[in-house]
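# Architecture and fold: a report
Residue strings, one per chain:
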Amino acid sequence: MTTTPAVLILLGPPGAGKGTQARMLEEKFGLVQLSTGDLLRAAVAAGTEAGKKAKAVMEAGALVSDDIVLAILRDRMAEPDVAKGVILDGFPRTAAQASALDSLLAESGQKINAAISLEVEDDAMVERVSGRYTCAECGEGYHDTFKVPEKAGVCDKCGSTEFKRRADDNAETVRSRLEAYHAQTAPLIDYYAAKGVLKRIDAMGEIEAVAAALDSIVKASTA
Ligand code: AP5
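Heads up: these notes are all about the structure in this document. (Residues numbered from 1 in each chain as written. Predicted model: local features only at pLDDT ≥ 70, side-chain atom pairs only at ≥ 80, totals over all residues. Heavy atoms only, no water.)

## Description of the sheet that holds strand S7 (residues 163-164)
- Taken together, 3 strands build an open sheet; the order of strands is S6-S5-S7 and the sheet is antiparallel. Each edge of the open sheet carries a strand with a single partner, namely strand S6 (141-143) and S7.
- With 2 bridges connecting them, strand S5 (residues 132-135) and S7 associate as antiparallel partners. Bridge pairing in S7 links Cys 135 to Phe 163. (Pairing = 2+ DSSP bridges. Helix = DSSP H or I, 4+ residues; strand = E, 2+ residues; numbered from the N terminus.)

This is the structure in structure tokens:
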């Protein structure tokens, strides 16, 4: 790994596997997963001013305003564990966020090692997202069909028997989220291609196959 903290961006529509893969990379490479979706859901649960504004927007499947997201991200990037290097999951999502990230990284002399686009088919994403659930205790992700716990009803990671589903994981909202992705986030693929840091992965394969492709990219881009 390089001595300056690595910065990896996972790009992809809802259900592409950003969260699943970010958690695996976190364990393998000692990086910190930084998910703006998770940070926003925590703000909603805590009832902060930002959370109150974000709640209805998230439930409708639209993007939360850049101001709110950037304020939350800046606070998180200031925490000490980020010095290990980060996997940005679900950020940036707009041109303004990408530009703000460039400025933030320039301030600390960091650069983007790779922006990795997880390439998938929209139709399959509705099934992936609708079947998703997570452990209420440790956050480990599962799927009704594609990733079930080894022992039914018990989390593989922590043994909890409590699971939860996201309020925005229904077929109608997923379609709105896909529309937002294509309109506002997909253009960032060209933005990072122009910077020479874009990598593309076929993310329609099995979770382990996608993980193997990602490992190679992370090793090469952080060497
Ligand atoms: P966010 O939480 O970022 O959600 P998302 O981008 O819609 O992505 P998901 O979490 O749905 O999908 P994922 O790619 O992580 O897939 P996962 O690995 O879970 O954002 C939610 C909302 O917050 C947004 O709509 C917006 O309102 C707001 N927001 C967040 N960030 C924002 C920002 N920067 N700016 C503005 N607003 C923002 O996988 C899905 C399921 O599929 C799982 O069950 C998994 O087990 C399974 N799976 C994963 N990979 C595979 C595979 N290869 N094969 C089969 N199944 C698989």
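## So, the environment of Ala 171
- Position of Ala 171 among the secondary structure elements: in helix H7 (residues 171-185).
- In this structure Ala 171 comes out as partly exposed when scored by relative accessible area, which is 36%.
- Expressed as a C-alpha distance, the spacing of Ala 171 and Arg 74, which sit 97 residues apart in the sequence, is 32 Å.
- When residues no more than four places from it in sequence are discounted, the contact partners of Ala 171 are Val 126 and Ser 130. (Buried < 20%, exposed > 50% of the residue type's maximum accessible area, 1.4 Å probe, protein only. Contact = heavy atoms within 4.5 Å.)

## Quick notes on the site of the ligand
- What surrounds the ligand is a group of 33 residues, the closest being Thr 20, Ala 62, Arg 93, Arg 132 and Arg 177.
- Within the side chain of Arg 132, one N or O atom sits 2.5 Å away from an oxygen atom of the ligand.
- Surface burial for the ligand is 95%, taken as the share of its 1,000 Å² of free accessible area covered by protein chains.
- Among the secondary structure elements, those contributing two or more residues to the shell around the ligand are helix H1 (18-29), helix H2 (36-46) and S6.
- The greatest single-element share of the shell around the ligand, amounting to 4 residues, is contributed by H2. (Near = heavy atom within 4 Å. Polar contact = N/O pair within 3.5 Å; in protein donor to acceptor, adjacent residues only side chain to side chain. Areas by Shrake-Rupley, 256 points an atom, 1.4 Å probe, with all protein chains shown as cover.)

## Some words on the pattern of salt bridges
- Tallying each qualifying case throughout the model produces 18 salt bridges.
- In this structure, Arg 76 engages Glu 79 in a salt bridge whose closest nitrogen and oxygen atoms are separated by 3.3 Å.
- Note that Asp 169 is salt-bridged to Arg 132, the shortest N-O span being 2.8 Å. Here Asp 169 is found in the loop between S7 and H7, whereas its partner Arg 132 is found in strand S5, with 37 residues between them in sequence.
- Classification of Asp 169 as buried rests on a relative accessible area of 10%.
- Overall, the relative accessible area of 22% leaves Arg 132 in the partly exposed class.
- One network of salt bridges, in which partners are shared, links Arg 23, Glu 27, Glu 140, Lys 147 and Lys 157. (Salt bridge = Lys/Arg side-chain N within 4 Å of Asp/Glu carboxyl O.)

## Topic: the packing of aromatic side chains
- Considering all chains together, one arrives at 4 aromatic pairs under this definition.
- Pairing Tyr 142 with Phe 163 gives two aromatic rings, centres 5.8 Å apart and planes at 80°, and the pair type is edge-to-face. Residue Tyr 142 is located in strand S6, and its partner Phe 163 is located in strand S7; the two are separated by 21 residues in the primary sequence.
- Take Tyr 142: its relative accessible area is 4%, and that puts it in the buried class. (Phe/Tyr/Trp six-rings, centres within 6.5 Å; stacked < 30°, edge-to-face > 60°.)

## Some points on helix H3 (residues 49-59)
- For H3, the complete set of buried residues consists of Gly 51, Ala 54 and Met 58. Down the axis of H3, the buried set is contained in an arc of 70°. They therefore lie on one face. Seen from the open side of H3, the exposed residues pointing more than 90 degrees away from its buried face are Glu 49, Lys 52, Lys 53 and Ala 56.
- Lining the buried residues of H3 we find H2 and H7.
- Phi turns positive, to about 80°, at Gly 61, one or two residues after H3. (Arc of directions from axis to C-beta.)

## Describing the sheet that holds strand S3 (residues 86-89)
- With parallel pairing, 5 strands are arranged side by side in an open sheet as S2-S3-S1-S4-S8. Here the strands that pair on one side only, and so sit at the sheet edges, are strand S2 (32-35) and strand S8 (198-202). Mean inter-strand twist for the sheet, computed between neighbouring axes without regard to direction, equals 25°.
- Pairing of strand S1 (residues 7-11) with S3 involves 4 bridges; the strand directions are parallel. Counterpart to Ile 9 in the pairing with S3 is Leu 88.
- Contacts from H2 reach S2 and S3, with the element oriented near 65° to S2. (Axes fitted to C-alpha atoms, helices over the stretch in contact; angles between N-to-C directions.)

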